[in-house]
Structures are given as C-alpha cells and as structure tokens.
Amino acid sequence: MAVSSPRYRSALACSFFFLFFLALCTPLTAATDFAGSACLGVSPAHFAGSLTQVITAIKQLTSILSRFSKPFADLRLATAVADCLDLLDLSSDVLSWALSASQNPKGRHNSTGELSSDLRTWLSAVLAHPQTCMDGFEGTNGIVKSLVSAGIGEVVSLVEQLLAQVVPVDDEFDASKGQIPSWVKPRERKLLQSSGVSPDAVVALDGSGNYGTIMDAVLAAPDYSMKRFVIYIKKGVYVENVEIKKKKWNIMMVGDGMDATVISGNRSYIDGWTTFRSSTFAVSGRGFIARDISFQNTAGPEKHQAVALRSDSDLSVFYRCGILGFQDSLYTHTMRQFFRECRITGTVDFIFGDATAMFQNCLIQAKKGLPNQKNTITAHGRKDPNEPTGFSFQFCNVTADSDLAPLVSTTQTYLGRPWKTYSRTVFMQSFMSEVIRSEGWLEWNGDFALDTLYYAEYLNTGAGAGIANRVKWRGYHAFNDSSQVSNFTVAKFIEGNLWLPSTGVTYTAAFTV
C-alpha cells in the first residue's frame, strides 16, 4: 500500500485535526478544590477527567496510525511507524497508571507511596514518547511524518498542561520506615545480595538450562506479575535482540558476571533501524533488575546510532552490569533508573534520554570514535521545565577506555551537551581523568539551550575536574556546598529510600564526608 493519493492524504489530515479539535473542547483549566490530593493543583476529579481525555485522544491517534502498520518496503519508515504504535500504546498504559494512582493512592499502580513523584515521572515519560516517535521519521518519506505531527503536537500540549498541575513535594524519606511499593513482597528484598538465588528459569547455550534463548525465558514470565520472576543466564555470548515488553513486570536477570554473560547485537541507524529500535536489549516492564550481565552493540562507530541498552522500566536497577557500545550506547529513555557499579562505554552521546537516572560508583569510559569526532558522555533530553528528569553521577570514575588512552591529547571529550531545551546533568564527588577537556561541556548547536539547561559540578577530583576554564553559560553551575546539589542524591532524586531497600542493592542515600 502506497501513501500517494492526494485525496487520501487530505482525508487523513482532516481526521487528525477533527480528532484533536474534539480533544481540546474541554480546556484543562485550574480548579480550587484540593479534595484529597495535596500534590494536585486541581481537584482529583478534574485531573482524572483530563487524563481520560488524553487517553482517548491517544487511542484514536493509534487507530489512525495503525493504517500504516505494513505498507512500506523502507525498513526505517516501517520501523518508525511500529515505534510510534508501541510508544502510543505505552503512553496509554502509563496514563492509566496515573489515573488509577490519583484515584486510589494505595492501589497496585502506586509505585513508591509518593504520589507527586509517581505522577510527574509518568507524565514526563508520556512527553518523551511522542518526541521519540517523531525522531524515528528522520530520513524517511515526509508524508507520514507530516500527518502524524499535528496529532502528536496536540497530545504533547495536553500532557504539558497535566504535568503543570502536579505540585512537586519536597520530603525527606526514611528507609527504616519500611515504605516499599505494595507490589514488592518481603521475601524478595535480599535477592541482589544473595549468592543462592533460586531462579524461575535458566538460560544456557550448552543446553543445560530450561531455555536456549533469553527471549524464550522472557516470554515464559507471567504478565503483570506482582512477584519477582528470576531468570539466571549462564555464561556465554548470547547473540540476540531482547525486548521485555510493558506487560512483563518485576523480571530479574542474573548472569555470571559482566565479563562472562554477554547479550550482543549489532543493529544501527546506518543499517536502517531507528535509534529506538536499534537496541540490543530493551525493557519497558516496570521493576526490572539486572545483575552481573553485559549488554553490547558491536556495530562500531562508523554505523553511528547503535544502542546497547534501552530502558523505559520504572524503578529499575542495573547492578554490576556492562553497557558497551559507541554512539548512543545507553538509552535511558524514560522513568526512574538506578545504575550501581556498572561499566559504560561509548563515543557520541553515549548516555542519553529523558529518564531520571542515578549513577553511583560507575566506570564511565570514552572510546576511540571516528577521525576528528568529538566524544560527549551525556545528552539529556528534558523538554519541559516541570519534568523531574535528569542525570546524576556520584562517586563515578570518568576516564578513557584502552583504545582511546593513547589519543587523549588529540581527541576532544566532554561531559555532555544539551540534546533538548532543559537538559539537566550533575556530576558530583566523582573522579575525572585528563580525558575531559578543560571546558567540560559542549554546545549542541550554537547557543541553543545554553541559558535553559542545568549542568552542575560539585567536589569532583582528577586532572579533568578543574573548573577554572569551564564554560561560562548561564545554565552551568560550579558548586562548593552540598546543599546546592542535595536534590540530586539517591534519596531525593529517585526517592531511592522508598524502593531500593526492597531490591537489596548497595547504595548511598545522600552525601558522605
């Protein structure tokens, strides 16, 4: 099926505009009734009505877009349409969580017990999804992109209004109170610390397990599970692309070590995949945990965007994991994520996305890229100032990988650059080798976002940590007081005290002397 008929294109465009005219008929105006939900700037009933309105609009947009699900021989265009359909479906689910949690804060969809944080996280994810949908159409026939963009734009506008109605709550949380998500059972709390985890499934290349591939084990996991489903992956290199869909909650994967259990792929943008779909390993199901595994993309620097790991899993943990690639290695797409004692390698924007992601005690290594190519460790994608998202690095080691080490003096490597208008990244109490340029940070395009971004450094050490010659942008901050960056600690940034104790992962909640 080809999209060539002007009459068909016109009719479809009219459908989009008619749909969103209806969606906008009920304005999202503020109310004064706070009945029961202190974190909302409108009444719970009004907020629920607005959520329902957006869910309906997304489902109708999905129905229209599904007409293009199989018409194209062009791999990237076909993949872009598939990406949009998946992202819209995920958005609908996430908005349903928000609706359920706002109406019943003690229900199964409440994640941390802190409703404001949950709502702001989920609405921020729904803001990121349409942008990722549109990004996938870059380099494709513009007809479908133009038809989709109007509907996508209106969804974004509606969600931005919803996000502005959620009031941030600044509380101190105490892990000793035992406030853990209702869907985590007490017997699961020490899984990460246990050397004798009893798996529900075993994957082995030599036939000694229940499954020969990781995807087969994932598909065997129950949908929407309220208890952990543990998959043990024996040592070996598993050449497969793995995707844990939104229905697969609370999966835990345990390997034999980041150098022993490796999941490997080589999809890339140059070979026709969208960045979103190039990932070797992708997870959307909430509550995911990985331990002692590596995720790698071997496409190489000449293939440009090639993701090793993509995560949309809320309250996810990656412990002693390797994320290995070149450009765009780690796609922290959305939601709250915690990385501890991981090794992350890459070249351009190799940690990117719009998640609220915390990195502790991680080894961050820049690699040798293409000739004259500049390395950027981060590219955070926050588009709205009301989003709680950002990247925070604490106690990390930022250095050059072995292939780049001899070329440090001739290769420019930076801490990050602003992918979107309100990009936010903080490095604190970390070591930076001479691999980091004295300017520290790189522009994206001219003066774009230099006033609106939020980049901060605090108490870092090493040859690359000097701040005397750092950029002079309005959005850059060099701090000397821990109170200035306290909001970027585990306890506050990802509400870690409310959910990390249940996983058993080691973490530092705040600053240490």
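Keep in mind that this is a model prediction, so the values were computed, not measured. Here the residue numbers are simple positions, counted from 1 along each chain's written sequence. Where local features are concerned, this predicted model is filtered to residues with pLDDT of at least 70; where side-chain atom pairs are given and counted, the filter is 80 or more; whole-chain, interface and lining totals use all residues. Excluded from the side-chain calculation are hydrogens and water; included are all heavy atoms of the structure.

Undergrad: Could you clarify how one ought to interpret the sheet that holds strand β18 (residues 363-366) in this entry?
TA: Sheet strands pair by backbone hydrogen bonding; their relative direction is either parallel or antiparallel. An order of β3-β6-β9-β12-β15-β18-β21-β24 is seen for the 8 strands of this open sheet, with the pairing classed as parallel. Every other strand in the sheet has two partners, leaving β3 (236-239) and β24 (431-432) as the edge strands with one partner each. Any two strands between which DSSP finds at least two bridges are classified as paired. Under the DSSP-based scheme used, a helix requires at least four consecutive residues in state H or I and a strand at least two consecutive residues in state E, with every element numbered from the N terminus. Pairing of strand β12 (residues 322-324) with strand β15 (residues 343-346), which is carried by 3 bridges, proceeds in the parallel orientation. Residue I323 lies in a different strand from β15, and its bridge partner there is I344.

Undergrad: What should I look at first to understand the UniProt feature "active site" (unreviewed entry) in the protein in this one?
TA: According to UniProt, the feature "active site" (unreviewed entry) maps to D349 in the numbering used here. With respect to the element layout, D349 can be found in the loop between β15 and β16 (351-353). For each residue, the accessible area found with a 1.4 Å probe, counting protein chains only, is set against the maximum for its type, and the residue is called buried under 20%, exposed over 50%, and partly exposed in between. Using a relative accessible area of 6% as the deciding quantity, one classes D349 as buried. Apart from residues lying up to four places away in sequence, D349 is in contact with D328, T376, I377, T378, A379, R417 and W444. UniProt positions are given in the numbering used here, feature names are shortened, and annotations may be inferred rather than shown by experiment. By definition, residues are in contact when any of their heavy atoms lie within 4.5 Å.

Undergrad: Help me out: how do you make sense of the pairing of strand β9 (residues 294-297) in this one?
TA: Consecutive side chains along a regular strand alternate between the two faces of the sheet. Taking every second residue as pointing to the same face, both faces of β9 are buried, with S294 and Q296 on one and F295 and N297 on the other. Looking at chain direction, strand β6 (residues 261-265) and β9 are connected through 4 bridges and run parallel. Counted as the bridge partner of G265 is N297 from β9.

Undergrad: It is not clear to me how the side chain of T121 should be interpreted in this structure. Could you clarify?
TA: For T121, the position within the fold is in helix α4 (residues 115-135). Exposure remark for T121: the relative accessible area of 4% places this residue in the buried category. Here a polar contact is taken to be a pair of N or O atoms separated by no more than 3.5 Å, where protein atoms must pair a possible hydrogen donor with a possible acceptor and residues adjacent in sequence count only if both atoms sit in side chains. Within the structure, T121 has its side chain in polar contact with the backbone oxygen of S117 (distance 2.8 Å). With residues up to four places along the chain from it excluded, the contact list for T121 reads D314, M335, R336 and P388.

Undergrad: How should the nonpolar core be read in this particular structure?
TA: Soluble globular proteins: nonpolar side chains tend toward being buried together. Among buried residues, the Ala, Val, Leu, Ile, Met, Phe, Trp, Tyr and Cys ones that are joined through side-chain atoms within 4.5 Å form a nonpolar core. One finds M253 and F359 to be the most contacted residues of the largest nonpolar core, which totals 60 residues. Broken down by element, this core gets its largest block of residues, 4 residues, from helix α6 (residues 214-220). Setting aside its immediate chain neighbours within four residues, M253 contacts I214, V218, I231, I233, I244, F281, F288, I289, A290, R291 and I293. Counting 55 residues, the second largest nonpolar core, distinct from the first, contains W97, V144, L147 and I152.

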